[in-house]
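Report on the structure
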Amino acid sequence: MINYIVKRILYAIPILIGVNLLTFTLFFVVNSPDEVARLHLGNKRVTQEQIITWNQERGYDKPLFYNKSEKGLESFRKTIFYEKSLKLFLFDFGVSDSGRDIKYDIKQRMWPSLAIALPSLFVGLLINITIALFFVFFRTTKVDYYGVILCVALMSISSLFYIIGGQYLISKLMHLTPISGYEHGYEAIKFLILPVIISVIYGIGSGSRWYRSLFLEEIEKDYVKTARSKGLSESAVLFNHVFKNALIPILTGVVVILPLLFMGSLIVESFFGIPGLGSYTIDAIQSQDFAIVRSMVFLGTVLYIIGLILTDISYTLVDPRVRLK
Amino acid sequence: MKKIFKNIIIIIFIVINGCSDKPLNNPYSDSNISNQNIFYSSFQERPKHLDPVRSYSSNEYAFIAQIYEPLFQYHYLKKPYELIPLTASEMPEVLYLDKNFKIAKANKNIDYTKYIIKIKKDIIYQNHPAFYKENNIYAYHDLSSKDLENIYTIKDFKLNSTRELTVDDYIYQIKRLADSKNHSPIAGVMQEYILGFKEFKDKLNKKKFSNTKSRISFVKSNDIYGIKKIDNYTFSIILKRKYPQFLYWLAMPFFSPMPWEADLFYSQNKLKKKNITLNWFPVGTGPFKLTENNPNLKMVLEKNENFRGEVYPSVLDKFKNRKYFHHNSERILPFIDKAIYSLEKEQIPRWNKFLQGYYDNSGIASDNYDQAVSLNNSGDITLTDELMTKGINLKTSIAASTYYIGFNMLDPVIGGKSDKSRLLRQAISIAIDYDEYISIFTNGRGIIAQSPIPPGIAGYQDGKTEFNKTLFNTAENNTISKKSISEAKSLLAKAGYKNGIDQKTGKPLILYFEATGAGADTYAFLNWLRKQFKKIDLQLVTRVTDYNRFQEKMINGTGQIFQWGWNADYPDPENFLFLLYGKNGKVKFGGENASNYESKKFDSLFIKMKNMKNSSERNFIIKKMLRIIQEDCPWIWGFHPKSFSLSHKWLENIENNLMANNTLKYKNINNDIRIEKINKWNKPNYLLIYFFIIIIIIFILSTFIMVRKKDKENAYD
């Protein structure tokens with residue numbers, strides 16, 4: 001197992017370099033360092049001298065990939081790509097283009113993201129599995145048929161509709177929760193109720209259908225027929241046999257997204273004024289803060305790779321037949 | 001089964017009993033709403049810089065202008081705008097000097113202007129760790145990692161102190177403007193005027209420093225030779241020429257005092273690592289101090305306990321409405337204890353929170369326009385019944401801004417000084433109906449511009465007695481009317497483009513408009529613009545690009561027609577007419593003249609006008625200048641936007657003063673009305689909760705019954 005994990009970590013290095021290279025190229029193909037400087041310095045009374053100084057301070061005055069004025073390895077080392085990318089592998093994200101320490105900001109902002117993501121995930125999981133079991137129990141009946149139609153309808157509606165509709169109904173008409181905002185500590189609860197409810201409802205359509213298909217796949221297997229032939233009731237078959245076995249893909253599906261919960265939700269955070277990492281990334285893209293964009297893409301990639309490794313490990317834990325080599 | 005029912009009934013009883021009339025949607029803690037005099041508002045975009053050396057946008061001024069105090073301020077109630085002392089004890093003494101720095105005997109001998117500025121005594125800074133000394137040594141100027149173990153924000157420093165404001169702090173700040181590390185946007189302007197500024201800047205920026213401490217020490221110990229400290233409360237600034245607008249600059253946050261202790265304190269790398277910087281935690285003498293800066297969530301200003309106090313302004317001698325004097329003039333500012341600004345990126349929650357009473361004031365976004373205002377029978381704009389019932393107040397004012405469509409004068413087709421291109425520009429300017437634009441795209445919130453100068457500023461043409469004669473004719477009843485499309489077409493024919501066909505080549509004339517943005521609004525505007533050109537048979541190709549590409553085109557002068565705008569720095573016509581001054585050309589000089597317009601006549605009048613005080617002679621020159629540009633049409637004179645602001649009835653002392661930024665100190669809150677209204681407007685409606693409880697109970701029970709039934713069926717099968 002350890003060999004496998006080490007191998008996967010080594011495989012991750014070229015992936016990270018590749019993602020980094022792609023982000024870097026995309027960013028600087030669209031924007032030259034001068035343009036980024038101009039955006040940060042503002043629209044009024046910006047001089048070329050200020051742009052040059054701004055670039056020099058941030059190391060953007062160097063060539064992108066290859067420095068002709070240097071010799072040997074230095075011609076690769078004294079470039080923006082090398083200087084900005086290598087430190088990421090040591091998790092040194094440096095300072096943003098507006099001068100703030102990125103690691104500090106990430107540490108501060110991941111908690112609000114988690115505060116929404118974790119309850120949304122677990123409450124959503126509970127409700128989706130319950131609904132999926134309900135559909136499976138009544139499969140081939142009208143309950144299942146109309147249920148699936150309802151799920152498809154729920155899936156087809158844009159997330160913005162849920163957000164705006166939820167804010168209108170629950171906060172504006174019923175006055176039950178604040179429309180937006182956030183506070184740290186226990187005060188956060190009243191601000192989290194609405195976004196969590198909306199995230200859960202938004203996920204019901206796709207989540208229930210997905211778990212329903214997992215359960216249906218199991219229910220056709222031979223061991224279920226054997227259980228039924230023993231005279232077990234349908235609910236006993238479903239809960240004691242089908243449910244337990246279908247938990248394997250459910251569990252691995254959850255494990256893969258767990259690390260990514262840190263990254264937050266772009267739209268929900270923006271609409272509810274929650275200072276998480278989702279809105280941090282959106283703001284950085286809008287203000288063309290390459291240092292933050294680069295760090296967040298790198299972090300997202302690392303977390304995704306961790307998620308995949310954890311999934312593989314979780315397979316071995318829940319299914320003794322699986323061995324990692 | 002009986003037990004389940006019993007439990008359900010108990011739960012329902014508890015839920016119903018727990019329901020009270022207390023607002024549940026209150027985004028603030030209860031104690032905040034009821035105990036203190038707090039102003040609640042929102043901001044849409046986080047301020048990038050709170051260091052006055054660099055801040056240059058209204059969303060930054062909204063905070064720092066309440067904390068830092070420049071020498072002068074705008075009178076809150078007077079119109080036209082008037083500068084009055086803030087920390088200065090009086091308006092400065094102005095001396096005009098000859099080349100030998102002696103008092104100039106004649107106007108033509110003026111080579112320098114000297115401002116002698118006196119500040120008030122006993123002004124002290126807010127308490128701050130940067131000032132704290134132990135055994136006469138600054139305790140926090142050399143912090144170790146251990147010292148910072150439990151420090152995450154400026155509030156975590158236990159020991160604070162203060163000191164008196166002296167002119168050294170103003171002088172130090174002017175030197176900071178010259179430091180290229182600070183990226184001050186006005187360094188370029190100031191080096192043209194302040195004697196010795198450029199020399200100091202060059203010396204400072206050429207020198208290599210081992211660390212920030214030595215850089216600060218250099219700035220502190222070296223002088224700009226045009227700036228001299230006379231005593232702790234008096235200093236002088238010498239300008240290289242006559243420049244009356246300099247006083248306006250002295251009222252801007254760029255010229256706020258900066259204690260060197262604070263600059264040195266914040267320059268420590270260990271603090272920077274914790275994001276504790278001067279750009280984030282200001283240190284001022286003003287009525288408020290920033291106690292919480294989390295611009296991703298909220299920013300909190302609290303009353304500065306060291307503020308010297310200031311009396312509400314009065315213009316009793318010529319002020320018609322005396323209520324201000326009676327209510328406020330004897331009271332000490334600021335009136336409110338705290339101001340909480342919450343980040344609200346989306347307009348839907350922002351607007352709804354305002355209607356619920358959780359924000360004290362609001363603008364009107366175009367989506368909410370119909371919900372907020374309507375036209376009454378006489379065609380005036382009034383609030384809708386819903387807002388009037390809530391007691392909301394509406395204030396409108398024309399902003400000191402101008403939005404225009406510019407022609408690139410370097411372009412071979414549309415630009416240049418030839419009659420051909422001038423007539424073409426005139427024809428297009430007539431064809432474009434800005435009245436329609438204002439009505440479609442700004443909900444009528446704007447007035448047509450006759451020239452670059454907006455209302456409230458000397459030289460403004462009101463479109464009645466004075467107007468743009470190139471584009472308008474006088475009509476009956478002393479009103480004006482836009483020249484007709486047939487007149488525009490005849491100008492076009494004179495230019496050699498009859499029916500939109502270039503007479504030389506026989507091909508249709510195609511013009512190009514550089515646009516940014518890709519939203520629905522942009523495309524609607526571009527379609528409208530194409531139709532305007534089509535009125536005179538011209539084809540317009542719109543080139544939509546991102547803002548960076550657009551900037552690049554403007555800098556290189558490769559664009560042809562574009563849209564741009566300008567907000568006033570100060571209420572003087574120079575601040576608008578300089579946008580067409582030849583030496584400010586964007587391509588040649590990197591200035592703000594985006595259309596690269598050049599006219600010798602205009603430029604010489606500009607030089608003459610810019611150093612004059614407002615007078616009939618100056619107005620006469622401005623009129624001549626406007627006539628030149630109106631004839632040349634380097635811009636299609638667009639519109640001056642009208643700002644609409646709403647406030648709840650409990651927010652008092654709201655005045656339209658678009659130049660003053662430090663207005664928070666004048667605002668007052670009637671908390672009793674606010675609490676009453678918020679409680680009335682936000683009574684929770686539990687119907688939804690009851691409905692869901694019933695649905696869930698029905699679902700559980702029916703599922704239970706159906707499962708039992710199905711299990712039995714299976715058993716028998």
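Predicted model, so just to flag it, every value in this text is computed and none were measured. (Residues numbered from 1 in each chain as written. Chains lettered and ligands numbered in written order. Predicted model: local features only at pLDDT ≥ 70, side-chain atom pairs only at ≥ 80, totals over all residues. Heavy atoms only, no water.)

Of regular secondary structure, chain A possesses 14 helices and zero strands. Its helices and strands taken in sequence order, chain A reads α-α-α-α-α-α-α-α-α-α-α-α-α-α from the N to the C terminus. Computed over C-alpha atoms, the radius of gyration of chain A comes to 25 Å, more than 25% over the 20 Å expected from 2.2 N^0.38 for 325 residues, which places it beyond the range of a compact globule. Taking the principal axes of the C-alpha coordinates as reference, chain A spans close to 85 × 60 × 35 Å. (Helix = DSSP H or I, 4+ residues; strand = E, 2+ residues; numbered from the N terminus. Rg over C-alpha atoms; globule rule 2.2 N^0.38 Å.)

Let's shift gears to the overall build of chain B. Per the secondary structure count, chain B includes 25 helices and 28 strands. With the C-alpha coordinates of chain B rotated into their principal frame, the extents come out at 105 × 80 × 55 Å. Taken over 717 residues, chain B has a buried fraction of 54%. Considering only contacts in chain B between residues 6 or more positions apart, those separated by 24 or more positions represent 70%. Total accessible area on chain B stands at roughly 32400 Å², and carbon and sulfur atoms take up 52% of it. Within chain B, the 74 negative side-chain charges are centred at a point lying 3 Å from the centre of the 103 positive side-chain charges. (Buried < 20%, exposed > 50% of the residue type's maximum accessible area, 1.4 Å probe, protein only. Contact = heavy atoms within 4.5 Å. Areas by Shrake-Rupley, 256 points an atom, 1.4 Å probe, with all protein chains shown as cover. Lys, Arg positive; Asp, Glu negative; His and termini not counted. Charge placed at Lys NZ, Arg CZ, Asp CG, Glu CD.)

Glancing now at the sheet that holds strand 14 (residues 338-343) of chain B. Residues and elements named next belong to chain B. Strand order in the open sheet made by the four strands is 1-14-11-10, with mixed pairing throughout. Single-partner strands in this sheet number two, and they are strand 1 (38-43) and strand 10 (288-294). Sheet twist, expressed as the average angle between the axes of neighbouring strands with direction ignored, equals 15°. As paired elements, strand 1 and strand 14 share six bridges and run parallel to each other. Each bridged residue has a counterpart across the sheet, and for Phe 43 the counterpart in strand 14 is Leu 343. (Pairing = 2+ DSSP bridges. Axes fitted to C-alpha atoms, helices over the stretch in contact; angles between N-to-C directions.)

This part is about the domain arrangement of chain A. All names here are of chain A. Parsing chain A into structural domains produces domain 1 (16-90) and domain 2 (108-318). Taking only C-alpha atoms, the centre of domain 1 and the centre of domain 2 are 39 Å apart. Listed by partner, the interface residues are 15 residues for domain 1 and 14 residues for domain 2. Across the domain 1/domain 2 interface, buried area totals approximately 1300 Å², and carbon plus sulfur atoms make up 75% of it. (Domains from an automatic or database assignment. Buried area = accessible area lost by both parts, 1.4 Å probe.)

Under the definition given, this model contains 73 aromatic pairs over all chains. Plain terms: the ring middles of B:Tyr434 and B:Phe639 are 6.1 Å apart, the flat faces sit at 35° to each other, and that makes the pair tilted. Remark: B:Phe639 occurs in strand 26 (residues 635-647) and B:Tyr434 occurs in helix 16 (residues 434-441); sequence separation between them is 205 residues. The exposure classification of B:Tyr434 matches that of B:Phe639, with both residues buried. For the ring pair B:Tyr437 and B:Phe525, a centre distance of 5.6 Å and an interplane angle of 85° mean the geometry is edge-to-face. Here B:Tyr437, found in helix 16, pairs with B:Phe525, found in helix 18 (residues 520-534); they are 88 residues apart in sequence, far enough to count as distant. Neither B:Tyr437 nor B:Phe525 differs from the other in exposure class; each is buried. Grouped by ring-pair contacts, the aromatic residues A:Phe24, A:Phe27, A:Phe28, A:Trp54, A:Tyr60, A:Phe65, A:Phe81 and A:Phe290 constitute a single cluster. Against the face of B:Tyr497 rests B:Lys420, its NZ or CZ located 4.5 Å from the ring centre. (Phe/Tyr/Trp six-rings, centres within 6.5 Å; stacked < 30°, edge-to-face > 60°. Lys NZ or Arg CZ within 6 Å of the ring centre and 35° of its normal.)

For the rest of this paragraph, the subject is the interface of chain A and chain B. Taken residue by residue, the interface counts 59 residues in chain A and 68 residues in chain B. Summed over both sides, the interface between chain A and chain B buries roughly 5600 Å², with carbon and sulfur atoms accounting for 50% of that surface. Summed over the shared surface of chain A and chain B, the number is five salt bridges. Note that A:Asp283 and B:Lys345 form a salt bridge whose closest N and O atoms lie 3.0 Å from each other. Here chain A and chain B share 21 residue pairs in polar contact (both at pLDDT 80 or more) between them. Going through the elements one at a time, helix 2 (33-41), helix 3 (48-58), helix 6 (102-137), helix 8 (159-173), helix 9 (188-219), helix 11 (234-257), helix 12 (266-272) and helix 13 (277-286) of chain A are the ones with two or more residues in the side of chain A that touches chain B. No other element matches helix 8 of chain A, which puts seven residues into the side of chain A that touches chain B. Class assignment of the residues belonging to the side of chain A that touches chain B gives a composition of 22 nonpolar, 20 polar and 17 charged. (Salt bridge = Lys/Arg side-chain N within 4 Å of Asp/Glu carboxyl O. Polar contact = N/O pair within 3.5 Å; in protein donor to acceptor, adjacent residues only side chain to side chain. Nonpolar A, V, L, I, M, F, W, Y, C, P; charged D, E, K, R; others polar.)

The next thing to look at is empty space enclosed by the protein. Under the counting rule described, the total for this entry stands at six cavities of 30 Å³ or more. As for the largest cavity, its lining consists of 14 residues, of which A:Gly181, A:Tyr182, B:Leu297, B:Ser342 and B:Lys353 are closest to the centre. Of the residues contributing to the lining of the largest cavity, the split by class is six nonpolar, four polar and four charged. Of the volumes computed, that of the second largest cavity is approximately 70 Å³. Forming the boundary of the second largest cavity are B:Ser429, B:Ile432, B:Tyr434, B:Ile448, B:Ala449, B:Leu471, B:Phe472, B:Lys482, B:Ile636 and B:Trp637. When the residues that make up the lining of the second largest cavity are grouped by side-chain class, the tally is eight nonpolar, one polar and one charged. (1 Å grid on protein atoms, 1.4 Å probe; cavity = no way out; pocket = protein on both sides within 12 Å on 5 of 7 lines; lining within 4 Å. Points joined across faces, edges and corners; volume = space filled by probe spheres on them.)

On to unusual backbone geometry, then. All names here are of chain B. The omega angle of the peptide bond from Lys 79 to Pro 80 is -5°, so this bond is cis rather than trans. Among the secondary structure elements, Pro 80 is positioned in the loop between strand 2 (72-74) and strand 3 (83-85). Here the amide bond leading from Leu 333 into Pro 334 is cis, since omega sits at -5°, within 30 degrees of zero. Turning to its location among the elements, Pro 334 is positioned in the loop between strand 13 (332-333) and strand 14. Positive phi outside glycine occurs at Asn 136, with the angle close to 65°. Along the polypeptide, Asn 136 turns up in the loop between strand 6 (133-134) and strand 7 (137-138).

Taken as a whole, this structure holds 41 salt bridges over all chains when the rule is applied. The closest approach of N and O atoms between A:Asp144 and A:Arg212, which form a salt bridge, is 3.0 Å. Separated by 68 residues along the polypeptide, A:Asp144 in helix 7 (residues 142-156) and A:Arg212 in helix 9 bring together distant segments of the chain. For A:Asp144, a relative accessible area of 7% corresponds to the buried category. Across the pair B:Asp168 and B:Lys229 runs a salt bridge, and its minimum N-O distance is 2.9 Å. Taken together, the residues span a long stretch of sequence, with B:Asp168 in helix 4 (residues 167-178) and B:Lys229 in strand 8 (residues 227-231) at a distance of 61 residues. A relative accessible area of 33% means that B:Asp168 is categorised as partly exposed. Residues participating in the shared-partner salt-bridge network are A:Glu35, B:Asp546, B:Arg549 and B:Glu552.

Turning next to the sheet that holds strand 4 (residues 93-97) of chain B. All names here are of chain B. With antiparallel pairing, four strands are arranged side by side in an open sheet as 4-5-9-8. Looking at the sheet topology across the chains shown, the edges are occupied by strand 4 and strand 8. Strand after strand, the sheet turns through a mean of 20° between neighbouring axes, direction not considered. Pairing of strand 5 (residues 112-118) with strand 9 (residues 234-239), which is carried by six bridges, proceeds in the antiparallel orientation.

Right, let's get into the environment of A:Tyr315. Residues and elements named next belong to chain A. Within the element layout of this structure, Tyr 315 appears in helix 14 (residues 290-318). Classification of Tyr 315 as partly exposed rests on a relative accessible area of 31%. It is 8.7 Å that separates the C-alpha atoms of Tyr 315 and Leu 251, two residues lying 64 residues apart in sequence. Setting aside residues no more than four positions away along its own chain, Tyr 315 makes contact with Ile 248, Thr 252 and Val 322.

Every buried residue belonging to helix 6 (residues 197-206) of chain B is among B:Phe197, B:Phe200, B:Lys201 and B:Leu204, and all of these are buried. Seen along its axis, helix 6 of chain B keeps its buried residues to an arc of 100°; they face one direction. Residues of helix 6 of chain B that are buried sit in contact with helix 3 of chain A together with helix 4, helix 5 (187-193) and helix 7 (212-221) of chain B. (Arc of directions from axis to C-beta.)

Our next topic: the packing of helix 2 of chain A against helix 19 (residues 547-556) of chain B. Angle between the axes and distance between the axes: these two values describe a pair of packed helices. With their axes 10 Å apart at the nearest point, helix 2 of chain A and helix 19 of chain B run at an angle of 95° to one another. Taken together, the axes of helix 2 of chain A and helix 19 of chain B are roughly perpendicular relative to one another. Of the residues in helix 19 of chain B, those in contact with A:Glu35, A:Arg38 and A:Leu39 of helix 2 of chain A are B:Tyr547, B:Asn548, B:Arg549, B:Gln551, B:Glu552 and B:Ile555. When its residues are assigned to classes, the contact of helix 2 of chain A with helix 19 of chain B shows three nonpolar, two polar and four charged. (Parallel < 35°, antiparallel > 145°, perpendicular 65-115°, else oblique.)

On to the nonpolar core. B:Trp249 and B:Ile428 are the most contacted members of the largest nonpolar core, which has 163 residues in total. Among the elements that take part in this core, helix 4 of chain B stands out by supplying seven residues, more than any other. For this core, the domains that each give at least three residues are domain 2 (33-68 + 285-391 + 648-683) and domain 3 (401-643) of chain B. Not counting chain neighbours up to four residues away, the residues in contact with B:Trp249 comprise A:Arg45, B:Tyr56, B:Ile186, B:Val189, B:Met190, B:Tyr243, B:Phe254, B:Phe255, B:Asp569 and B:Tyr570. One finds A:Ala12, A:Val46, A:Ile102 and A:Ala284 within the second-largest nonpolar core, a separate group that totals 35 residues. (Core = buried A, V, L, I, M, F, W, Y, C linked by side-chain atoms within 4.5 Å.)

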